[in-house]
Amino acid sequence: MKERQMWSDDWIGLPYAERGRGPDAYDCLGLFLALHRARFDRILPDPGCTIREAVRKDAVQFYLPRYERVSVAQEGDALLFRMAERPLHLGFALDSDDMLHIDAIAESRVERWSRASWLSKLEGIYRIV
């Protein structure tokens, strides 16, 4: 846990921006992509749109075949949450309980995604294959 706290501290408190891809501000997709690049040296395809636009373009369905649905999260997994009954929010799993994420409500932060308020919105946990 100490290692996670050390690296994740640098990613806490970053501001939100629609279509933000960093390094100064992020949206939830931009933060997820940046974390994969930083933690795993992995460049993931960017649909170049907001999460809402991605839903309208059905980009979620296009990208899901690149991911395997899993039941227990590990670092780097995509946590996809329903907002307004649609898969609109993405979190970066830190482990089986915590995530690093950002939204228009607050700066980037670590939260327990396994608590009831987030768990009730969880569409699924996805791992890159």
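Residues numbered from 1 in each chain as written. Predicted model: local features only at pLDDT ≥ 70, side-chain atom pairs only at ≥ 80, totals over all residues. Heavy atoms only, no water.

### Notes on the overall build of the chain
Alright, step 1. Helices and strands together make up the secondary structure of the chain, namely five helices and six strands.
Alright, step 2. Counting from the amino terminus, the chain carries its helices and strands in the arrangement α-α-α-α-β-β-β-β-β-α-β.
Alright, step 3. Its C-alpha atoms give the chain a radius of gyration of 13 Å, near enough to 14 Å, the size a compact globule of 129 residues would have.
Alright, step 4. For the chain, the C-alpha atoms occupy an extent of roughly 40 × 30 × 30 Å along the three principal directions. (Helix = DSSP H or I, 4+ residues; strand = E, 2+ residues; numbered from the N terminus. Rg over C-alpha atoms; globule rule 2.2 N^0.38 Å.)

### As for the pairing of strand β3 (residues 86-93)
Alright, step 1. Along β3, six of the eight residues are buried, which leaves the element largely enclosed by surrounding structure.
Alright, step 2. In the sheet, strand β2 (residues 78-83) pairs with β3 via six bridges, with the strands oriented antiparallel. Among the inter-strand pairings, M83 is bridged to a residue of β3, identified as R86.
Alright, step 3. The hairpin formed by β2 and β3 contains two residues between the paired strands, and A84 there has a positive phi angle of roughly 55°.
Alright, step 4. Taken together, the two bridges between β3 and strand β4 (residues 98-103) define a ladder with antiparallel strand orientation. Paired with F92 across the bridge in β4 is L100.
Alright, step 5. Taking the residues between adjacent antiparallel strands as the criterion, β3 and β4 are bridged by four residues. (Buried < 20%, exposed > 50% of the residue type's maximum accessible area, 1.4 Å probe, protein only. Pairing = 2+ DSSP bridges.)

### With respect to the sheet that holds strand β1 (residues 67-70)
Alright, step 1. Strand order across the open sheet formed by six strands is β1-β6-β2-β3-β4-β5, with antiparallel pairing between neighbours. Single-partner strands in this sheet number two, and they are β1 and β5 (106-112). Averaged over all neighbouring strand pairs, the angle between strand axes comes to 35°, with direction disregarded.
Alright, step 2. The strands touched by helix α2 (residues 28-40) within the sheet are β1, β2, β3, β4, β5 and β6 (122-128), with β3 carrying the most contacts at an inclination of about 30°. (Axes fitted to C-alpha atoms, helices over the stretch in contact; angles between N-to-C directions. Contact = heavy atoms within 4.5 Å.)

### Observations regarding the environment of G48
Alright, step 1. Following the sequence through the fold, G48 ends up in the loop between α2 and α3 (51-56).
Alright, step 2. Through-space distance from the C-alpha of G48 to that of G20 is 10.0 Å; in sequence the pair is 28 residues apart.

### Here's the deal with the state of the cysteines
Alright, step 1. Inspection of the entire model under this criterion finds zero disulfides.
Alright, step 2. This cysteine, C28, is not joined by any disulfide, and C49 carries the nearest cysteine sulfur, 11 Å off.
Alright, step 3. Judged by relative accessible area, which is 7%, C28 ranks as buried. (Disulfide = S-S within 2.5 Å.)

### With respect to the packing of aromatic side chains
For any pair of aromatic rings, the description consists of the separation of the ring centres together with the inter-plane angle of the planes.
Alright, step 1. In the structure shown here, the tally under the stated rule is five aromatic pairs.
Alright, step 2. For the ring pair W7 and F92, a centre distance of 6.2 Å and an interplane angle of 85° mean the geometry is edge-to-face. You can see W7 sitting in helix α1 (residues 2-8) and its partner F92 sitting in strand β3, a full 85 residues away along the chain. Assigned by exposure class, W7 and F92 land together as buried.
Alright, step 3. An aromatic cluster is defined as three or more aromatic residues linked by ring pairs; in this entry it consists of W7, F32, F40 and F92.
Alright, step 4. The ring of W118 carries the charged tip of K121 above its face, separated from the ring centre by 5.4 Å. (Phe/Tyr/Trp six-rings, centres within 6.5 Å; stacked < 30°, edge-to-face > 60°. Lys NZ or Arg CZ within 6 Å of the ring centre and 35° of its normal.)

So, to be careful, I would describe these as geometric facts and stop short of saying anything about function.
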